[in-house]
Amino acid sequence: MHFQEIRQAASQGTISLPPPSNSEGLENELILKTCLKVVRELSDFRYSFATSRIPETSSRLMTIVEAKNQLMKRDHQVSLSDYFLSEIVPNPGIESLVLLDDYVKALTVGAESAPFSPVSVKTIIQIANQFPADQITWRQNKDIGERLLAPDTFPDSKAVQFELVRWDNYCRTPNDLDPLVHSLLCNLYFMAIAPLSRHNERIGQILLQLSLMGRDLNSPAPCIQLGKALVTNAHFGIEERLYGLRTRQWSPYLQYMLRTLLKATSMSIELLRSIDRLYNQTEDYLKNIGLSSHIAFLPAIFMHPACRTGELSSYINTRRQVASHILNDLAHANILSRTEDGRDRVFYNKRLIELLESDNYSFTPLPAAITPFIPLYQKGTPGRQRKSLKEEPAEE
């Protein structure tokens with residue numbers, strides 16, 4: 001990852017900071033053409049969200065996938081089935097599940113204010129405090145003790161404090177740079193000064209997500225698939241990029257990050273459309289097998305891919321018996337998979353989880369036909385009760 005090389009070069013004083021605040025000599029024709037491609041992809045992404053059947057659900061699921069991919073870069077292997085189960089049965093003993101949940105919270109904590117205000121020191125504090133187990137602190141001088149971040153605090157180290165103030169001003173001050181270029185340079189500036197004691201790269205990626213939601217770019221949610229794009233994008237020319245940063249020739253770095261962002265946005269559109277495709281196919285499948293009454297419960301099982309009777313009862317505001325009938329019907333229809341967990345039965349939206357974990361966002365096709373069965377739930381009733389059929393006496 002390029003963070004280590006950038007940080008090392010910055011510590012040696014070979015990166016000229018702060019980055020430029022005007023476009024003169026910076027935005028060449030190639031940079032501007034690539035910016036235009038990224039803006040078009042972001043526009044397509046916004047349109048896909050606007051036309052999605054379940055935009056809020058898709059945003060949540062894609063944010064979870066982005067957090068998982070970012071952690072996988074650091075060799076944190078997480079099963080999404082285990083994560084969705086941990087949402088209803090907390091398991092604080094598994095570090096990777098706790099870390100994934102913290103990352104998701106960090107991505108969403110600043111999302112509400114991101115469209116209205118630029119990233120700032122306050123944003124850093126908000127994000128860092130979502131990782132309590134990591135005890136992230138300000139980077140200090142060796143002779144100064146470390147303390148946890150608190151609202152409105154600044155590092156004691158004068159050198160870090162000075163650069164952090166300049167970074168905050170650089171992010172907030174209006175300029176004539178292209179919004180994409182400005183966001184990428186703010187991200188580069190943050191990584192170069194590395195103001196935190198640990199996880200600067202992680203925080204930097206989250207800051208970039210939030211800056212893309214700014215009023216000039218308008219990404220609809222903090223779920224651009226940057227983690228997967230950075231892993232799959234060819235990582236070349238670090239020496240060339242560092243040389244450019246030393247001589248204030250920013251094009252190599254900007255080209256690399258714009259191409260990465262272009263790929264990440266394209267992946268995000270593909271993932272969003274795959275989720276919609278699965279939702280639409282599941283809806284059509286239920287109609288074809290005579291379970292149209294169960295379509296009303298699809299939003300719940302997509303928003304919560306793992307649930308038990310009690311959770312579904314709470315989600316759709318109905319009795320446990322009705323929720324149990326619904327889940328068992330969907331399991332009989334081969335939409336959900338049922339797993340015994342002690343005394344409880346956990347139902348998983350198996351195709352959705354398969355899609356989210358797939359490299360190409362694919363899922364197993366729904367069956368063409370199933371063995372007919374009598375549904376336990378029928379719309380407008382509290383749930384069908386099984387009754388023994390008694391032969392009517394013949395009329396004389």
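Scroll up to find the structure.
A short tour of the structure in this document, coming up. (Residues numbered from 1 in each chain as written. Predicted model: local features only at pLDDT ≥ 70, side-chain atom pairs only at ≥ 80, totals over all residues. Heavy atoms only, no water.)

**Details of helix H4 (residues 80-88)**
Turning to step 1, where the next piece is worked out: Leu-80, Tyr-83, Phe-84, Ser-86 and Ile-88 are the residues of H4 that are buried.
Turning to step 2, where the next piece is worked out: Looking at the buried side of H4, the elements it contacts are helix H3 (55-72), helix H5 (95-109), strand S1 (306-307), helix H14 (309-316) and helix H16 (350-357).
Turning to step 3, where the next piece is worked out: N-cap assignment for H4: the residue whose side-chain oxygen lies 3.3 Å from the backbone N of Ser-81 is Ser-79. (Buried < 20%, exposed > 50% of the residue type's maximum accessible area, 1.4 Å probe, protein only. Helix = DSSP H or I, 4+ residues; strand = E, 2+ residues; numbered from the N terminus. Contact = heavy atoms within 4.5 Å. Polar contact = N/O pair within 3.5 Å; in protein donor to acceptor, adjacent residues only side chain to side chain.)

**With respect to the pattern of salt bridges**
Turning to step 1, where the next piece is worked out: One pass over the full model with this rule turns up nine salt bridges.
Turning to step 2, where the next piece is worked out: The salt bridge partner of Arg-202 is Asp-134, with a shortest N-O separation of 2.9 Å. Remark: Asp-134 occurs in the loop between helix H6 (121-128) and helix H7 (158-172) and Arg-202 occurs in helix H9 (residues 200-211); sequence separation between them is 68 residues.
Turning to step 3, where the next piece is worked out: A relative accessible area of 12% means that Arg-202 is categorised as buried.
Turning to step 4, where the next piece is worked out: One salt bridge connects Arg-166 with Glu-163, and the closest N-O pair in it is separated by 2.8 Å. With Arg-166 and Glu-163 both in helix H7 and three residues apart, the pair spans about one turn of that helix.
Turning to step 5, where the next piece is worked out: Relative accessible area serves as the criterion here: at 17%, Glu-163 is assigned to the buried category. (Salt bridge = Lys/Arg side-chain N within 4 Å of Asp/Glu carboxyl O.)

**A few points about the layout of surface pockets**
Turning to step 1, where the next piece is worked out: Roughly 640 Å³ of volume is contained in the largest pocket.
Turning to step 2, where the next piece is worked out: Ser-117, Pro-118, Val-119, Cys-171 and Gly-214 are the residues nearest the centre of the largest pocket, which is lined by 28 residues in total.
Turning to step 3, where the next piece is worked out: Among the elements of the structure, H6, H7, helix H8 (179-193) and H9 are those that each provide at least two residues to the lining of the largest pocket.
Turning to step 4, where the next piece is worked out: It is H8 that contributes the most residues to the lining of the largest pocket, four residues altogether.
Turning to step 5, where the next piece is worked out: When grouped by side-chain class, the residues that make up the lining of the largest pocket number 12 nonpolar, 12 polar and four charged. (1 Å grid on protein atoms, 1.4 Å probe; cavity = no way out; pocket = protein on both sides within 12 Å on 5 of 7 lines; lining within 4 Å. Points joined across faces, edges and corners; volume = space filled by probe spheres on them. Nonpolar A, V, L, I, M, F, W, Y, C, P; charged D, E, K, R; others polar.)

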